[in-house]
Amino acid sequence: MEPLVQARLEKLSRLREQGIEPYPPRSLRHAPIDKVISRFSHLANEEYGKEQVPIVGRLIALRRMGRAAFLDLRDGSGKIQVHATVDGLGEKRYHTLCESDIGDFLVVEGEVFRTKRGELTVAAADWGILSKSLRPLPEKWHGLKDVELRYRHRSLDLISNEGVRSTFVRRSQMISAMRRFLDGQGFMEVETPMMQQLAGGATARPFLTHHNTLDIDLYLRVAPELYLKQLVIGGLERVYELGKNFRNEGISTTHNPEFTTLEIYQAYTDYEGMISLAEELLAESARATLGGLILPYRGDNIDLSPPWRRIELVSSVEEATGISLSTATAEEIATQAKEKGIDLPAFEWGKLVEHLFERFVEPGLIQPTVVLDYPIEISPLAKRKPEAEGLVERFELFIGGMEIANAFTELNDPLDQRTRFEEQERLQAAGDDEAQRLDEDFLFALEHGMPPAGGIGIGIDRMAMLLTDSRSIRDVILFPTLRGKRGT
């Protein structure tokens, strides 16, 4: 056993020998520390508040000076100093308090006063232990630096790094603002299954699990889209779901296998309506979180003010690469690329366009940019664009060089949708494990008629990265997916 842990265990035993329970079932009623500070902020130096106040928090500093000691307690709202003396607590109670370890949770009761140096302080008249810490806090409050340890033990990260706490407070404020906005626009929040018999609604590799009682394989959902559109078919004309999706894909600074999205569906609109909705929604969430529309992100100042820049997918790739795409076959694109020293995988036309875009255009889209009109091969759930052969009414939103949102004019022609699903089945059979499957339950619902609709999915984690100036998606997910420890 580690010596420091052993020493704390011995202190725990001594407390129990004195009849002190180190893990009592409850605490005194108390106000948060920031409220106590606000309430007594009027005190002048060396003035007392003349009433007993209980405070609770984690012990983060203890400075003993003979018959007196100063302690710092911190709760979720702030920090306050405590002054303890032998005269105020008695010999035994004072020395027991000074035996406390950094990390212990304490309750202290006493008058609030302001010291000669102007610091609000609680003069301890009584105290108790609420929870004994058996391990020392990391690096003596200089901040936890080990990235792997920070992600694996987020509790220590939150204790040691004040900026981490603010990141997740800001993320929560962002999500609350989004919900308020949508609720105010008449949308209804709903929940759809996390486990599905078919992994539909997105082109992605799923996670597989098994239900023992039913003896069936189930997939963790890659997207809630097909269920949400069934609700639109059923007459719920404005719905949204904020929840987890799971994709069995790589991990990077912008990808985590378990991630959060906000998906929104609205009847009687299209992808133009979704652009307007996204502009208003994300602008409002930024105002509520940061107080304005300028986001400092990785050295850039990103301006979320609507209207956002718009570009077309195909023409943007042609401009960036000098490769002619519109009338070229996949083979002709590959030949042009080779002449320019660009190696391309053996993809179909639509996936080649997407590949070139991701490589040559996407990284430069720092300011909010709506990229319009995608190839039909990579958009099996979007409606065809009139008079634009091979394209659909789909846009993706890019900010900070990342995809933030994906939206369609939703395909509501059941015959066209069946044909698209059958093509996806062909790709699946040919070895594309990200291709979608034919979903008869969804088609059955669609055959009863779906109104014209627009839909959008917004990446909550990536949006949180923007609003907190975070370089990695793991910095905005409390418990990101990690490799198991060696030997486990």
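Residues numbered from 1 in each chain as written. Predicted model: local features only at pLDDT ≥ 70, side-chain atom pairs only at ≥ 80, totals over all residues. Heavy atoms only, no water.

(A) Summary view of the sheet that holds strand β5 (residues 120–131). What the five strands build is a closed barrel, ordered β1-β2-β3-β5-β4; its pairing is mixed. Pairwise comparison of adjacent strand axes, ignoring direction, gives a mean angle of 55° for this sheet. (Pairing = 2+ DSSP bridges. Helix = DSSP H or I, 4+ residues; strand = E, 2+ residues; numbered from the N terminus. Axes fitted to C-alpha atoms, helices over the stretch in contact; angles between N-to-C directions.)

(B) Region of the structure containing the packing of aromatic side chains. Applying the stated criterion across every chain yields a total of three aromatic pairs. Plain terms: the ring middles of tyrosine 48 and phenylalanine 113 are 4.7 Å apart, the flat faces sit at 15° to each other, and that makes the pair stacked. A residue pair is termed long-range when its members are at least 10 positions apart, and tyrosine 48 in strand β1 (residues 48–65) and phenylalanine 113 in strand β4 (residues 105–114) qualify at 65 residues. Taking the relative accessible area as the measure of exposure, tyrosine 48 reaches 38% and is therefore partly exposed. Accessibility expressed as a relative area gives 9% for phenylalanine 113, which makes it buried. (Phe/Tyr/Trp six-rings, centres within 6.5 Å; stacked < 30°, edge-to-face > 60°. Buried < 20%, exposed > 50% of the residue type's maximum accessible area, 1.4 Å probe, protein only.)

(C) Summary view of the environment of serine 316. In this fold, serine 316 is placed in helix α10 (residues 313–321). By relative accessible area, which is 10% here, serine 316 ends up buried. Discounting chain neighbours no more than four positions away, the residues touching serine 316 are Ile311, Phe357 and Val361. (Contact = heavy atoms within 4.5 Å.)

(D) Region of the structure containing unusual backbone geometry. Following proline 306, the chain continues into proline 307 via a peptide bond in cis, with omega recorded as -5°. Topologically, proline 307 is positioned in the loop between β13 (300–303) and β14 (309–312). Non-glycine residue glutamate 46 carries a positive phi angle of around 65°. Within the element layout of this structure, glutamate 46 appears in the loop between α2 (33–39) and β1. For glutamate 46, a relative accessible area of 52% corresponds to the exposed category. Positive phi outside glycine occurs at glutamate 387, with the angle close to 60°.

(E) Structural detail: the pairing of β5. Strand direction decides the pairing type here: strand β3 (residues 79–85) and β5, joined by three bridges, are parallel. Bridging from a neighbouring strand, glutamine 81 pairs with threonine 121 of β5. Here β4 runs beside β5; their pairing, made up of ten bridges, is antiparallel. Bridge pairing in β5 places valine 107 opposite glycine 128.

(F) Spotlight on the nonpolar core. Within the largest apolar cluster, 45 residues are counted, with the highest numbers of intra-cluster contacts made by Leu262, Ile264 and Phe395. In terms of residues, this core owes the most to one element, helix α9 (residues 271–290), which gives nine residues. Discounting chain neighbours no more than four positions away, the residues touching isoleucine 264 are Leu182, Phe187, Val239, Tyr240, Met274, Leu277, Leu281, Gly454, Gly455, Ile456 and Ile458. The next biggest cluster of nonpolar side chains, apart from the first, holds 40 residues, and it includes Val314, Ile333, Ala337 and Leu438. (Core = buried A, V, L, I, M, F, W, Y, C linked by side-chain atoms within 4.5 Å.)

(G) Quick look at the pattern of salt bridges. Under the definition given, this model contains 33 salt bridges. As a salt-bridge pair, arginine 150 and aspartate 157 come within 2.8 Å of each other at their nearest N and O atoms. For glutamate 440, the salt bridge goes to arginine 418, with nearest N and O atoms at 3.1 Å. With glutamate 440 in helix α14 (residues 440–446) and arginine 418 in helix α13 (residues 414–429), this residue pair connects regions lying 22 residues apart in the sequence. You can call glutamate 440 partly exposed: its relative accessible area is 42%. A cluster of three or more residues bridged by salt bridges with shared partners is formed by Lys11, Asp101, Asp104 and Lys132. (Salt bridge = Lys/Arg side-chain N within 4 Å of Asp/Glu carboxyl O.)

Read these as layout, nothing more, since geometry by itself doesn't imply function.
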